[in-house]
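Here is what each chain is made of, one letter per residue.
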Amino acid sequence: MNLAQLRTFAAVAQTGRITDAAVRLKITQSAVSHALTSLETELGVQLVVRDRTGSTLTDVGRTLLPHAETALRAVDRLADEAAEVTGLQRGRLRLGAFPTACQLLSPLIRAFGRRFPAVQIVLLEGSDTEVGEWIAARVVDLGVVTGPRDDLSTTPLAQDEMLAVFPTGHPLAEQTEVELADLADDPFLLSSGGCEPLIRGLYSAARLPFTPAHHIREMATLLAMVRDDLGVSVVPSFAVDPAPIGLVTVPLRPRVPRHLLLAAPTADQLSPAARAFLTFIDLER
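Residues numbered from 1 in each chain as written. Predicted model: local features only at pLDDT ≥ 70, side-chain atom pairs only at ≥ 80, totals over all residues. Heavy atoms only, no water.

Caption draft 1: Fine view of unusual backbone geometry. Between Gly 147 and the following residue, Pro 148, the backbone shows a cis peptide bond with an omega angle of 5 degrees. Its location among the elements puts Pro 148 in the loop between strand E5 (142-146) and strand E6 (153-167). Backbone geometry at Lys 26 places phi at a positive 65 degrees, although glycine is not the residue there. Summarising the element assignment, Lys 26 is placed in the loop between helix H2 (18-25) and helix H3 (29-43). Residue classification places Lys 26 among the partly exposed positions, given a relative accessible area of 43%. (Helix = DSSP H or I, 4+ residues; strand = E, 2+ residues; numbered from the N terminus. Buried < 20%, exposed > 50% of the residue type's maximum accessible area, 1.4 Å probe, protein only.)

This is the structure:
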């Protein structure tokens with residue numbers, strides 16, 4: 001059981017709809033459904049009845065909701081008192097991330113800003129290489145990297161999976177899994193905004209030649225080109241959840257998880273705002 005599940009449960013109870021809860025929490029509808037289902041599975045009870053008219057709490061759900069709300073209030077109080085002790089009344093937090101990670105950070109930045117309104121938050125968006133340079137040069141307090149990274153002080157942020165992406169009707173679109181070698185018959189479109197080092201590493205580990213036909217920085221442009229049958233690609237699941245119209249995603253064989261980490265050069269030189277942000281993320285898990 002974690003805070004994200006409890007916040008989702010409370011949001012669904014308060015709004016009465018999965019879609020409205022997703023808007024309130026700034027996450028996808030599928031993420032709301034997944035968190036709620038995971039909580040129900042862990043508790044062994046059904047909390048919400050879902051139908052076309054909305055979402056209604058079961059008798060057990062109504063009984064357990066006050067306990068969830070009490071737990072959330074206690075966590076909020078803990079964070080508030082910790083802020084008073086540390087004296088984090090002002091400051092500046094500089095974050096660096098590649099595009100898909102920026103989408104992941106957005107709701108966390110919003111929630112952290114509500115908790116610490118006097119802290120100025122600056123988010124810089126760049127490629128993997130740029131974010132790495134910003135971390136090394138201390139242009140940012142924390143940067144999102146893919147792990148593992150033994151050369152940096154890191155904190156887990158999230159995990160997704162690398163997927164092959166094809167236009168609808170492609171011969172491989174009906175497969176349950178594909179290997180990198182299966183993509184050799186099509187031009188490969190490489191995302192240079194946040195996946196290039198990982199993808200190059202996958203091809204190198206598989207001892208396959210890697211000659212991308214195009215390098216595209218913006219994920220939206222890359223997906224549009226795949227949809228128009230200009231090539232295929234490998235992208236993170238965060239970028240295609242749910243799959244856009246006209247595209248099909250297929251897991252790789254073997255599966256390739258992507259671990260996203262918040263990184264800094266050393267743990268002992270974090271700013272108070274950066275330390276507070278890492279503590280805040282731990283509480284939100």
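Caption draft 2: Quick peek at the nonpolar core. Counting residues in hydrophobic clusters, the biggest one holds 27 residues, and the most contacted among them are Leu 142, Val 144 and Phe 277. Sorting the residues of this core by element identifies strand E3 (91-97), helix H5 (99-115), E5, strand E11 (257-264) and helix H9 (272-284) as the ones contributing at least two each. Aside from chain neighbours lying at most four places away, what touches Leu 142 is Arg 94, Leu 95, Gly 96, Leu 262, Ala 263, Ala 264, Leu 270, Ala 274, Phe 277 and Leu 278. Counting residues in hydrophobic clusters, the runner-up holds 20 residues, among them Met 162, Leu 172, Phe 210 and Val 250. (Core = buried A, V, L, I, M, F, W, Y, C linked by side-chain atoms within 4.5 Å. Contact = heavy atoms within 4.5 Å.)

Caption draft 3: Quick peek at the packing of helix H1 (residues 3-15) against H3. For the pair H1 and H3, the least separation of the axes is 9 Å and the interaxial angle reads 110 degrees. Between H1 and H3, the interaxial angle falls into the category roughly perpendicular. On H3, the residues that touch Gln 5, Leu 6, Thr 8, Phe 9 and Val 12 of H1 are Val 32, Ala 35, Leu 36, Ser 38, Leu 39 and Glu 42. When its residues are assigned to classes, the contact of H1 with H3 shows seven nonpolar, three polar and one charged. (Axes fitted to C-alpha atoms, helices over the stretch in contact; angles between N-to-C directions. Parallel < 35°, antiparallel > 145°, perpendicular 65-115°, else oblique. Nonpolar A, V, L, I, M, F, W, Y, C, P; charged D, E, K, R; others polar.)

Caption draft 4: Layout of the side chain of Glu 161. Within the secondary structure layout, Glu 161 lies in strand E6. Polar side-chain contacts of Glu 161 include one of 3.0 Å to the side chain of Arg 255. Setting aside residues no more than four positions away along its own chain, Glu 161 makes contact with Val 235, Pro 236, Ser 237, Pro 251, Arg 255, Val 256, Pro 257 and Arg 258. (Polar contact = N/O pair within 3.5 Å; in protein donor to acceptor, adjacent residues only side chain to side chain.)

Caption draft 5: Structural detail: empty space enclosed by the protein. Evaluation of the coordinates by the stated rule reveals one cavity of 30 Å³ or more. The calculated volume of the largest cavity comes to roughly 40 Å³. Every residue along the wall of the largest cavity is listed here: Phe 98, Pro 99, Thr 100, Ser 191, Gly 193, Gly 194, Arg 217, Glu 218 and Met 219. Within the lining of the largest cavity, the residues separate by chemical class into three nonpolar, four polar and two charged. (1 Å grid on protein atoms, 1.4 Å probe; cavity = no way out; pocket = protein on both sides within 12 Å on 5 of 7 lines; lining within 4 Å. Points joined across faces, edges and corners; volume = space filled by probe spheres on them.)

Remember that the coordinates give geometry; whether it matters functionally is a separate question.
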